[in-house]
Structure formats: C-alpha cells, structure tokens
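Commentary on secondary and tertiary structure
Letter by letter, the chains look like this.
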Amino acid sequence: MSPQKMSVRRVAVVGGARIPFARSDGPYATASNQQMLTAALDGLVARHGLQEPGAVGEFVAGAVLKHSRDFNLARETVLGSRLHPATPAYDIQQACGTGLQAVIAAANKIALGQTESAVAGGADTASDAPLGVNDSLRRILLEARRAKSPGGRVKALAKVRPGHLVPDIPRNAEPRTGLSMGEHAAVTARAWGIGRAAQDELAAASHQRLAAAYERGFFQDLVIPFRGLARDQNLRPGSTAEKLASLKPVFGLDHPDPTMTAGNSTPLTDGAATVLLASEEWARERGLEPLAYLTAYETAAVDFVGGDVAGGEDGLLMAPAYAVPRMLERAGLGLADFDLVEIHEAFASQVLATLAAWEKRGLGTVDRARLNVAGSSLATGHPFAATGARIVATLAKLLAERDTPARGLISICAAGGQGVTAILERA
C-alpha cells in the first residue's frame, strides 16, 4: 500500500502572553525560570480559556541559563500551571533563538496534522544563574565517591584546598574564542563601519516606540503583571540619541574610537513569554480569530571563529544575513514585500550590520518606519529564551491591527554564530 500523501496546513498565531521583562538582580531576583514561565503560561491559559483537558496538544519551551533542577522545565511548568496536567511538554534550546525555535517546533506538528494546538515559549533569569562547582573540586568529590574504603575517601578529600571552593560563575563568553558577545559585536561593528551616532539613534527609537506602544494600550492583552511590574523595567521613555551619546563605551575598548555602550546594548534581563499556535479549524471551533499565520522559517550558522576573530564580516551575530536571503528566495519574496520587519536588538550595531549585509547581498533596504515599530530588545530587555516568543506575539498583533493583508519578517541572531528567522502573514 502506498503511503498517504500528507497535506500541510496553515499555522495560526492565536495570541501571546508574557510577563514584563526586568533587569537582572531586580524585582525577579528570587524568581526561577519555572516560576516566570508558569506566570506567562497561566496568563495565556486564562485569556484564551485553555483549562479543559486536551485544550492544548503540547507545550514546548526552553531556557538558556538552566539549573540542574530545570532539566524538565517545560513539563514541570505545565504541572505547576492552570494548563491540564495531561498536556505533554518538552524542552528546546538554541541560545537566543530558543523562543522562535520553540514556535517552529510546535508549528511543524500543527502543519503536519500531528496536533491541533500548542503553546511555545521560553524563560531566562540572569539573576538566578547556576553556579557550578569548581571543576577541580568536582573531580576530588568524584574520586571520594569512587573510593572503596573510608580511608580512601578521607585521602581524596584531603586534597581540597581553599581555591577549590571558588565556584565556576557563568560567563557571557563564547567557548571557542573566549570573547563576550559584546566584544564580538564590537569586532563586527568595525568590520561593517557602524558608527556611534547611528547606534544611539536606533536605541533611542526602540525606547520611544516601546513607550508609545504601552501608552496606546497595545500590550494590554500581551503583558501579564508579575511581582509588582506592569511594564518592562528597562524602558526609558525619555531616551534620546543626545542623552545616549553621553554614555561611555563598554565594548571594544582595545581599539580606537569604541562605539558600543550600555545604552545601545541590551542589559542582562529576567523574563518569560509564551505564544498560542493552532490550526485554523481549532481556532474557528473556539471562536478565536487568528492574529497572523506562520508561513516560512529558516535557520543558518556562520564560522564566526574564522570570521569575527579575523576581523571579517561574518561575525558571531551575523547568521541572519544568510538565513533571510535563503528564506526569501524560497518564498519568492523580497524585503520590499514586507510591511513590518522585526530584528532582535541584541546590540544596535548588530541590527545595523544585519541591515547592511542584506543590502550588500542584493535584498535592498529596510524602511526604518517599518523596523521594530513597537520597540524591541534594546528597550524591553532580552531574557535569552523568551525573546523569540515575545517577538512572534508582538508582530502577530501588529499585523492583526491592519485592515489590509500584511506580511512581517522576523530575524533573530544567537550565540554560537547562529540565526533563526521566520515570516508571519495576515491574509
């Protein structure tokens, strides 16, 4: 018997919910990944009536900074939430692309008819980052555990020295290069000739646009108050390029005229976000109007070790420069076909370098009036695994506000020289 031909269905973005993003060591300093993700998920469940058994086919989410207790983060979040406990769940992780990869993983199952609905998301806390046991001490403890006698255990433990008690603290550095993400971005900024003024202008616009979106009530059904916050804590409504110009550079200080500051770079952030995805039939049966449809996605990676470290254009955060052209070619689209463009703002310099790379590769230019129109990571902050879900929900609602068909592009760079991109459309 020949196998049945499998049809591919459209995947609807039905809604989203997130908690306000907070600066690390602030209001969420004692909140775990699970607590934050549960709060975001509960908000989504309440707003869309997802409490009954079988309402959601699957929950997929992840975190970048995870304790050992978070080994089954998504499933434990379900068990602690209002979602029915019989809902399957699993973890996913691709650095800063985690949230969008979770959306893609869930969407693929819906598109293939393997489930009718799913929730995707992510959470991260820089405040509650795991502290590892000093590796030398770990080896001594393992030696003591393997010892066959009390004397052998004492002999092993006698090797412990004061220096062994210093914990391994997570570093924002690439294992292959030892450079932080900011230092990598500084190399890329020099390679692409990205100046300070342009970075400060983009950062100021992000704050101003996020503030305007909050003022007009755009986030009223997307953001769930949590631990005393109702808005993203990093938001500075009064930001201007002139004010940002007064800040001292913090990255690339080993070269003349460094351009990257704390103001045009994202801060360490805590937060969580979720997105509800479904088939059109599922949404119709529940009287839920899809905000938009996820129609294409693409991932890519670059050799940043041979690129960035050598001062080339293929920097750590430049994989979207390859993912987007491939995706657009497959979809038969160009940048001019998009009404809105969402580029994750890890750093203002990285956004500007990405735009320059797209133009160099023949995709054309992006009208700044269409770029990150409700603000992005420079203003909201960037809890690594939560950013993708935040962007999907934000872009879907922005498209839904339009009276005519519209199309939006998502571009997210990620550690390890990777990029995750997608297209949302409103018919």
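Our structure is the block above this text.
Below is a summary of the structure that appears in this document.

Quick notes on the rules
- Residues numbered from 1 in each chain as written.
- Predicted model: local features only at pLDDT ≥ 70, side-chain atom pairs only at ≥ 80, totals over all residues.
- Heavy atoms only, no water.
- Helix = DSSP H or I, 4+ residues; strand = E, 2+ residues; numbered from the N terminus.
- Rg over C-alpha atoms; globule rule 2.2 N^0.38 Å.
- Contact = heavy atoms within 4.5 Å.
- Areas by Shrake-Rupley, 256 points an atom, 1.4 Å probe, with all protein chains shown as cover.
- Lys, Arg positive; Asp, Glu negative; His and termini not counted.
- Charge placed at Lys NZ, Arg CZ, Asp CG, Glu CD.
- Buried < 20%, exposed > 50% of the residue type's maximum accessible area, 1.4 Å probe, protein only.
- Phe/Tyr/Trp six-rings, centres within 6.5 Å; stacked < 30°, edge-to-face > 60°.
- Salt bridge = Lys/Arg side-chain N within 4 Å of Asp/Glu carboxyl O.
- Patch = residues over 30% accessible without salt bridge, like charges linked within 9 Å, V, L, I, M, F, W, Y side chains within 5 Å.
- Core = buried A, V, L, I, M, F, W, Y, C linked by side-chain atoms within 4.5 Å.
- Pairing = 2+ DSSP bridges.
- Axes fitted to C-alpha atoms, helices over the stretch in contact; angles between N-to-C directions.
- Parallel < 35°, antiparallel > 145°, perpendicular 65-115°, else oblique.
- Left-handed = near helix turned anticlockwise from the far one by under 90°.
- Nonpolar A, V, L, I, M, F, W, Y, C, P; charged D, E, K, R; others polar.
- Polar contact = N/O pair within 3.5 Å; in protein donor to acceptor, adjacent residues only side chain to side chain.

Let us now look at the overall build of the chain. Within the chain one finds 14 helices and 12 strands. In terms of overall dimensions, the chain is globule-like: its C-alpha atoms have a radius of gyration of 22 Å, near the 22 Å expected for 427 residues. In terms of overall dimensions, the chain has a C-alpha envelope of 75 × 60 × 55 Å along the principal axes. Pairs at least 24 residues apart make up 80% of the contacts formed inside the chain by residues separated by at least 6 positions. Element-wise, carbon and sulfur atoms account for 53% of the exposed surface of the chain, whose accessible area totals about 17900 Å². Looking at charge distribution, the chain has the averaged site of its 44 positive side-chain charges lying 7 Å from that of its 43 negative ones.

Our next topic: unusual backbone geometry. A positive phi angle, near 50°, is found at Ala95, a position not held by glycine. Of note, Ala95 is situated in the loop between strand S4 (89-91) and helix H3 (98-111). Overall, the relative accessible area of 10% leaves Ala95 in the buried class.

In total, this model carries 4 aromatic pairs according to the counting rule given. Taken together, a centroid distance of 4.6 Å and an interplanar angle of 40° make the contact between Tyr214 and Phe219 tilted. The buried category is assigned to Tyr214, whose relative accessible area is 9%. Taking the relative accessible area as the measure of exposure, Phe219 reaches 4% and is therefore buried. Ring centres 6.0 Å apart and planes at 90° place the aromatic pair Phe251 and Phe347 in the edge-to-face group.

With that out of the way, let us pick up the environment of Gly163. Within the secondary structure, Gly163 is located in the loop between helix H5 (150-157) and helix H6 (181-192). The class for Gly163 is partly exposed, based on a relative accessible area of 45%. Separated by 173 residues in sequence, Gly163 and Ala336 have C-alpha atoms that sit 58 Å apart.

This paragraph deals with the pattern of salt bridges. Where charged atoms of side chains with opposite charge meet at close range, the side chains can pair. In this structure the tally under the stated criterion is 20 salt bridges. In this structure, Asp128 and Arg69 form a salt bridge, with 2.6 Å as the shortest nitrogen-oxygen distance. With a gap of 59 residues between them, Asp128 in the loop between strand S5 (117-124) and helix H4 (135-146) and Arg69 in the loop between strand S3 (59-62) and helix H2 (73-79) connect regions that are remote in the sequence. Ionic contacts of the salt-bridge type, sharing partners, join the residues Asp135, Arg138 and Arg139 into one network.

Glancing now at a nonpolar patch on the surface. A surface patch of nonpolar side chains, amounting to about 240 Å² of accessible area, comprises Val133, Leu141 and Leu157. Checked against the element boundaries, Leu157 lands in helix H5.

All right, on to the environment of Ile412 then. Tracing the chain through its elements places Ile412 in strand S11 (residues 406-414). For Ile412, a relative accessible area of 0% translates into the label buried. Sequence-distant contacts of Ile412, that is, excluding residues within four places in its chain, are made with Cys96, Gly97, Leu100, Pro320, His344, Gly388, Ile391, Gln418, Gly419 and Val420.

We now examine the nonpolar core. The nonpolar side chains of a soluble globular protein tend to be buried with one another. Counting residues in hydrophobic clusters, the biggest one holds 47 residues, and the most contacted among them are Leu100, Phe219, Leu277, Ile410 and Leu424. Those residues in contact with Ile410 that lie beyond four places of it in its chain are Leu100, Glu342, Ile391, Val392, Leu395, Val420, Thr421, Ala422 and Leu424. With 36 residues, the next largest nonpolar core counts Ala74, Ala89, Val119 and Ala123 among its residues.

Our next topic: the pairing of strand S8 (residues 269-279). With 11 of 11 residues buried, S8 is to be regarded as a mostly interior element. With burial as the criterion, each face of S8 is covered, one bearing Thr269, Gly271, Ala273, Val275, Leu277 and Ser279 and the other bearing Asp270, Ala272, Thr274, Leu276 and Ala278. Relative to S8, strand S1 (residues 11-18) runs antiparallel, the two sharing 7 bridges. Each residue of the ladder has a partner; that of Val11, found in S8, is Ser279. Pairing geometry for strand S2 (residues 22-23) and S8, over 2 bridges, is antiparallel. Residue Arg23 lies in a different strand from S8, and its bridge partner there is Thr269.

A word on the packing of H6 against helix H12 (residues 348-360). The description of two helices packed together rests on the angle between their axes and the distance between the axes. The geometry of H6 relative to H12 is characterised by a closest axis approach of 9 Å and an angle of 40° between their N-to-C directions. The angle between H6 and H12 places the two elements in the oblique class. In the packing of H6 onto H12, the handedness of the crossing is left-handed. Two secondary-structure elements touch here, H6 through Ala185, Thr188, Ala189 and Trp192 and H12 through Ser349, Ala353, Ala356, Ala357 and Lys360. Among the residues forming the contact of H6 with H12, the class breakdown is 6 nonpolar, 2 polar and 1 charged.

We now examine the side chain of Asn33. Relative to the helices and strands, Asn33 is located in helix H1 (residues 33-48). Classification of Asn33 as buried rests on a relative accessible area of 1%. Only 2.9 Å separates the side chain of Asn33 from the backbone oxygen of Leu65, close enough to count as a polar contact. Polar side-chain contacts of Asn33 include one of 3.1 Å to the backbone nitrogen of Thr125. Apart from the residues lying within four places of it in its own chain, the contact partners of Asn33 are Ala63, Leu65, Lys66, Asp70, Leu73, Ala123, Asp124 and Thr125.

Looking now at the environment of Thr30. Along the chain, the position of Thr30 falls in the loop between S2 and H1. On the accessibility criterion, Thr30 (64% relative accessible area) is exposed. Considering only alpha carbons, one finds Thr30 and Leu317, 287 residues apart in sequence, at a separation of 30 Å. Leave out the neighbours within four places in its chain, and Thr30 touches Gln35 and Arg227. A polar contact is formed between the side chain of Thr30 and the side chain of Arg227, at a distance of 2.8 Å.

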